[in-house]
Amino acid sequence: MTTLLELEDVHAFYGDVECLHGIDLTVDDGEVVVVLGANGAGKTTLLRSICRLVRTDGSISFDGKEIGNRNTYDVIRRGVSMVPQGRGTLVDLSVDDNIRAGGYVRRDKGVEDDVRYWYEVFPRLGQRRSTSAGSLSGGEQQMLAIARALMSRPKLLLLDEPSLGLAPIVVRQLFDVLAKICAEREVAMVVVEQNAALALGMAQRGYVLEAGTVAVTGAADRLRDDETVRRAYLGY
Ligand code: ATP
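The structure contained in this document is the topic of the report that follows. Note that the structure is predicted; figures quoted are calculated from it, not measured.

## Details of the overall build of the protein
Of the regular secondary structure elements, the protein holds 10 helices and 10 strands. Here the C-alpha radius of gyration of the protein, 17 Å, is about what a compact globule of 236 residues would show, namely 18 Å. Across the 236 residues in the protein, those meeting the buried criterion constitute 52%. In the protein, 69% of the contacts between residues at least 6 apart in sequence involve partners at least 24 apart. Entry remark: accessible area of the protein is about 10,800 Å², with carbon and sulfur atoms responsible for 48%. Here the protein contributes 28 positive and 33 negative side-chain charges, whose respective centroids are spaced 6 Å apart.

See below:
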């Protein structure tokens, strides 16, 4: 396995306030890593650090290159894509325009094939391609946000609480689709998720953040058996 993403001693700052205090984290090619933690632990800030949306110290290397000194556009072009919390769909634009917007950094001729692929993966989006994104259900908007993020053909997809606000059955469908995408598109994922049981079921490894530091890390099945993780995140 090749290391795709490596964070070494990463500190993140909002103004003068430090919110991450020396994070070490790795993601291998094609690997799914889940990030758990209480509200305010720094999970979103971790994803924002990778996307260069927050100031950081330390080293962030992606695909063998240092990106800690790069801007967001550059990082997206190199193969990172993010589905932010709240999805960030362009609600006034059609489903089709949203999907195509995700391919804006691409210069190749495969965009049409990919649009077709995503309508096959998400037939409901295909049926509603001319509809404004704002009129979709929460689950459909989440699927749209994922398809849009993957239109740039990233090597790494960052997902911030994808199940938030969705009905349990929709959440299950969402994780099934994510597992399928991961296998078919060979994309690595970092998933910040409250639904720890489902996320650990899909992930190979996990990190638990506490107050801006890594409290526990390990293989997903080991984390499922860890007493602290069980009590705090799995509820048994
Ligand atoms: P949640 O699950 O509530 O989103 P989180 O684990 O994602 O929590 P972050 O949103 O990363 O946590 O927040 C980490 C810390 O950074 C918190 O103390 C938060 O108050 C602070 N913080 C987050 N965003 C900002 C901001 N824009 N300006 C200042 N402080 C911020």
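## Quick word on the site of the ligand
Close contacts around the ligand come from Tyr14, Cys19, Ala38, Asn39, Gly40, Ala41, Gly42, Lys43, Thr44, Thr45, Gln85 and Glu161, and that covers them all. Within the backbone of glycine 40, an N or O atom sits 2.8 Å from an oxygen atom of the ligand. Measuring from an oxygen atom of the ligand, one finds a backbone N or O atom of glycine 42 at 2.9 Å. Protein burial of the ligand: of its 630 Å² of free accessible surface, 57% is covered by the chains.

## Quick word on unusual backbone geometry
Only a minority of non-glycine residues have a phi that is not negative, and only a minority of peptide bonds are not trans. Here the phi dihedral of glutamate 161 falls at roughly 50°; this positive angle occurs in a residue that is not glycine. Inspection of the secondary structure assignment puts glutamate 161 in the loop between β7 (156–160) and α7 (168–185). Located in the positive-phi region is alanine 211, a residue other than glycine, with phi close to 45°. Mapping alanine 211 onto the fold places it in the loop between β9 (205–210) and β10 (213–219).

## Regarding helix α10 (residues 227–234)
By the N-cap criterion, in which a side-chain oxygen at the helix start approaches the backbone nitrogen of a residue two or three places on, α10 is capped by aspartate 226, the distance to threonine 228 being 3.0 Å. Residue glycine 235 follows α10 closely and has a positive phi angle near 70°.

## So, the environment of asparagine 195
Mapped onto the secondary structure, asparagine 195 falls in the loop between β8 (188–192) and α8 (196–202). Separated by 96 residues in the primary sequence, asparagine 195 and isoleucine 99 have C-alpha atoms spaced 27 Å apart. When residues no more than four places from it in sequence are discounted, the contact partners of asparagine 195 are Ser163 and Val171. Among the polar contacts listed, one links the side chain of asparagine 195 to the backbone nitrogen of leucine 198, at a separation of 3.3 Å.

## Quick notes on the nonpolar core
Trp118, Phe122, Ile181 and Met189 are the most contacted members of the largest nonpolar core, which totals 49 residues. In this structure, Leu20, Ile23, Leu47 and Cys51 belong to the second largest nonpolar core, which totals 28 residues.

## A look at the pairing of strand β3 (residues 32–37)
Within β3, 6 of the 6 residues are buried, leaving the element largely enclosed by the surrounding structure. On β3, burial covers both faces: Val32, Val34 and Leu36 on one face and Val33, Val35 and Gly37 on the other are all buried. As paired elements, β3 and β8 share 4 bridges and run parallel to each other. When the bridges of β8 are listed, valine 34 appears paired with valine 191. Taken together, the 5 bridges between β3 and β9 define a ladder with parallel strand orientation. Along β9, the bridge assignment pairs glycine 37 with leucine 209.

## Quick notes on the sheet that holds strand β5 (residues 65–66)
Read across the sheet, 4 strands follow the order β2-β1-β4-β5 without closing on themselves; strand pairing throughout is antiparallel. Each end of this open sheet is capped by a strand with a single partner; those strands are β2 (17–28) and β5. Each of β1 (3–14), β2 and β4 (55–62) is contacted by helix α1 (residues 43–50), which is oriented at about 115° to β1, the strand it contacts most.

The rules behind each value
Residues numbered from 1 in each chain as written. Predicted model: local features only at pLDDT ≥ 70, side-chain atom pairs only at ≥ 80, totals over all residues. Heavy atoms only, no water. Helix = DSSP H or I, 4+ residues; strand = E, 2+ residues; numbered from the N terminus. Rg over C-alpha atoms; globule rule 2.2 N^0.38 Å. Buried < 20%, exposed > 50% of the residue type's maximum accessible area, 1.4 Å probe, protein only. Contact = heavy atoms within 4.5 Å. Areas by Shrake-Rupley, 256 points an atom, 1.4 Å probe, with all protein chains shown as cover. Lys, Arg positive; Asp, Glu negative; His and termini not counted. Charge placed at Lys NZ, Arg CZ, Asp CG, Glu CD. Near = heavy atom within 4 Å. Polar contact = N/O pair within 3.5 Å; in protein donor to acceptor, adjacent residues only side chain to side chain. Core = buried A, V, L, I, M, F, W, Y, C linked by side-chain atoms within 4.5 Å. Pairing = 2+ DSSP bridges. Axes fitted to C-alpha atoms, helices over the stretch in contact; angles between N-to-C directions.

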